[in-house]
Structure formats: structure tokens, C-alpha cells
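Survey of secondary and tertiary structure
Listed here are the chains, written in short residue letters.
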Amino acid sequence: MFPLGSVLFPFVAVPLRVFEPRYLTLVGRLLDEDEPGFEFGVVLIERGSEAGGGDQRASVGTMARLVSAAAGADDLLIIGVGTRRFTVEHWADDDPYPRAAVSMLPDLEWSDALAPLRAEAEAVVRRVVARVAESESDADIELSDDPVAAVWQLAAIAPLGEYDRYTLLRSTSMGELLRQTIDLTLEAEELWAAEEGM
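The paragraphs below set out a description of the structure included in this document. (Residues numbered from 1 in each chain as written. Predicted model: local features only at pLDDT ≥ 70, side-chain atom pairs only at ≥ 80, totals over all residues. Heavy atoms only, no water.)

1. Focus on helix α5 (residues 162-169)
Residues of α5 that are buried: Arg-165, Tyr-166, Leu-168 and Leu-169. Down the axis of α5, the buried set is contained in an arc of 155 degrees. They therefore lie on one face. (Buried < 20%, exposed > 50% of the residue type's maximum accessible area, 1.4 Å probe, protein only. Helix = DSSP H or I, 4+ residues; strand = E, 2+ residues; numbered from the N terminus. Arc of directions from axis to C-beta.)

2. Here we look at helix α1 (residues 21-32)
Between its first and last C-alpha, α1 extends 16 Å over twelve residues, near the 16 Å set by a 1.5 Å rise per residue. Inspection of α1 places Arg-22, Tyr-23, Leu-26, Val-27 and Leu-30 among the buried residues, and these make up the whole buried set. The buried side chains of α1 occupy one side of the element, clustering within an arc of 135 degrees when seen end-on. When the buried face of α1 is taken as reference, the exposed residues oriented beyond 90 degrees from it are Pro-21 and Asp-32. (Expected span 1.5 Å × (residues − 1).)

3. Some words on the packing of aromatic side chains
With the rule as written, the count across this model stands at two aromatic pairs. A cation sits over an aromatic face here: Arg-57 above Trp-91, 4.4 Å from the ring centre. (Phe/Tyr/Trp six-rings, centres within 6.5 Å; stacked < 30°, edge-to-face > 60°. Lys NZ or Arg CZ within 6 Å of the ring centre and 35° of its normal.)

4. Considerations on the environment of Leu-4
Take Leu-4: it is sitting in strand β1 (residues 2-4). C-alpha separation for the pair Leu-4 and Leu-16, spaced twelve residues apart in sequence, amounts to 9.7 Å.

5. Digging into the packing of helix α2 (residues 115-132) against helix α4 (residues 147-157)
At a closest axis distance of 10 Å, the pairing of α2 and α4 adopts a crossing angle of 30 degrees. The orientation of α2 relative to α4 falls into the category roughly parallel. In the packing of α2 onto α4, the handedness of the crossing is left-handed. Contacts between α2 and α4 involve Arg-118, Ala-121, Glu-122, Val-125 and Val-129 from the former and Pro-147, Ala-150, Val-151, Leu-154 and Ile-157 from the latter. (Axes fitted to C-alpha atoms, helices over the stretch in contact; angles between N-to-C directions. Parallel < 35°, antiparallel > 145°, perpendicular 65-115°, else oblique. Left-handed = near helix turned anticlockwise from the far one by under 90°. Contact = heavy atoms within 4.5 Å.)

6. Some details on the nonpolar core
The biggest cluster of nonpolar side chains holds 53 residues, and the ones touching the most others in it are Phe-2, Phe-9, Phe-40 and Ile-78. In terms of residues, this core owes the most to one element, α4, which gives eight residues. Residues in contact with Ile-78, not counting those within four places in the same chain, are Phe-2, Val-14, Pro-15, Leu-16, Val-18, Val-27, Phe-40, Leu-66, Ser-68 and Ala-69. Grouped together as the second largest cluster of nonpolar side chains are five residues, Met-1, Val-43, Met-63 and Phe-86 included. (Core = buried A, V, L, I, M, F, W, Y, C linked by side-chain atoms within 4.5 Å.)

7. What to know about the side chain of Asp-75
Tracing the sequence through the fold places Asp-75 in the loop between β4 (56-71) and β5 (76-91). In this structure the side chain of Asp-75 is engaged in a polar contact, spanning 2.7 Å, whose partner is the side chain of Arg-17. Ignoring sequence-local partners within four residues, the contact set of Asp-75 consists of Arg-17, Val-18, Phe-19 and Ala-70. (Polar contact = N/O pair within 3.5 Å; in protein donor to acceptor, adjacent residues only side chain to side chain.)

8. Observations regarding the pattern of salt bridges
Within the structure shown, the criterion is met by seven salt bridges. In this structure, Arg-17 engages Asp-75 in a salt bridge whose closest nitrogen and oxygen atoms are separated by 2.7 Å. Of this pair, Arg-17 sits in strand β2 (residues 13-18) while Asp-75 is found in the loop between β4 and β5, placing the two residues 58 residues apart along the sequence. Note on Arg-17: relative accessible area 52%, which makes it exposed. For Glu-189, the salt bridge is made with Arg-131, and the minimal N-O distance between the two is 3.0 Å. On the criterion of sequence distance, the pair formed by Glu-189 in helix α6 (residues 174-197) and Arg-131 in helix α2 is long-range, its members being 58 residues apart. Three or more residues joined by partner-sharing salt bridges are found here, namely Arg-118, Glu-122 and Arg-126. (Salt bridge = Lys/Arg side-chain N within 4 Å of Asp/Glu carboxyl O.)

By themselves, these are just geometric observations and shouldn't be taken as functional.
In C-alpha cells form, the structure reads like this:
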């Protein structure tokens, strides 16, 4: 398990710079696996820091498939891609690295009836990102042709804080995920506008 200060969504990539001995051990074990498609879990740190342990961790996370690893001078640069969501049943001892027993959450299912809601969510997110983002690139990012992947990617580019992202990660249906993406993005826009007006 990688407890991080950020939320990982399914179908979204996460680059990580690994330097702590415990996580270097974890990645080493992943790379030693015989089977391709090595996976690790990512959970949000609710309190505490990424380095050193002693953190309080969220109970819902996302599995990530390790897709690349490159050695630096005294670290590893890895990239994982989110796959499935899970609930932590219980945490095991952190020795030699954070570990937990998890149960997989059901995948959110797409229905073509959600297409108008998805179009609305995409329009809202892209408009707000273009307004508040420091970089124009997020507003123009291309989404997957797969509708399920595209909705998660849309949630990932929405200009939201990590606790709002965690709310999205815990969605129980695709419709709920889309509606919450719209609502939370509009709330973020209002906050941004209020701060700009001060």
C-alpha cells in the first residue's frame, strides 16, 4: 500500500518518486513478481505526512498497476495506473511496508442514458478548469473513448481538493459520480470567484 497525500482514480496515471527504504522494498518485491501487471494500493492520507509513517489513512482506495519504473541516483521513478477501487478491511503491521487486507468495490456501470449528464459534467469541468487553472493544458486534455474511463478522467481534472476527490472516489453509481463532479466543481468555482472578488 502507498498512503499518499492525493486520491488516485481508476483509469488515471500516478507518477511517484520512491525514496523511502520501505517503499523501495515494496517496489522491489513488485518487480520480482513472475506475473505481469503488478499492483499496489493507493489510499489518501487524511492526517499526517507521506514520509515517515504515523499517518491516518482513508478507508477507500484504488489499486494501481505498475506500468514503468526507472532508477534515479538514489530513488525510483515509477508510474502506476488506477484500476479498481477497494475498501480497507484492516491494516496489517507496516513492517516492512504498509499492508492491508482489502475487498474490491464493484465497478461503476455505464448506461447510455447517462450521456447527457456526462456531456454536462464535461462542459462544467472544462469551463471551470479553463477559468481557474494556471495551465491551459488541463482544459484541453483528451479523454478516453471508453465512457467509464472518461468519467473517472474527468473527475481527475476537475479543480477540486483532495477531500472532494475522496467523495467522488466513494461514489456508488456512475450517475452519482457525474452529479457530484458537477456539484463539487461548481462549488469550487464559487469559492474561487469569492476569493478573486476579495
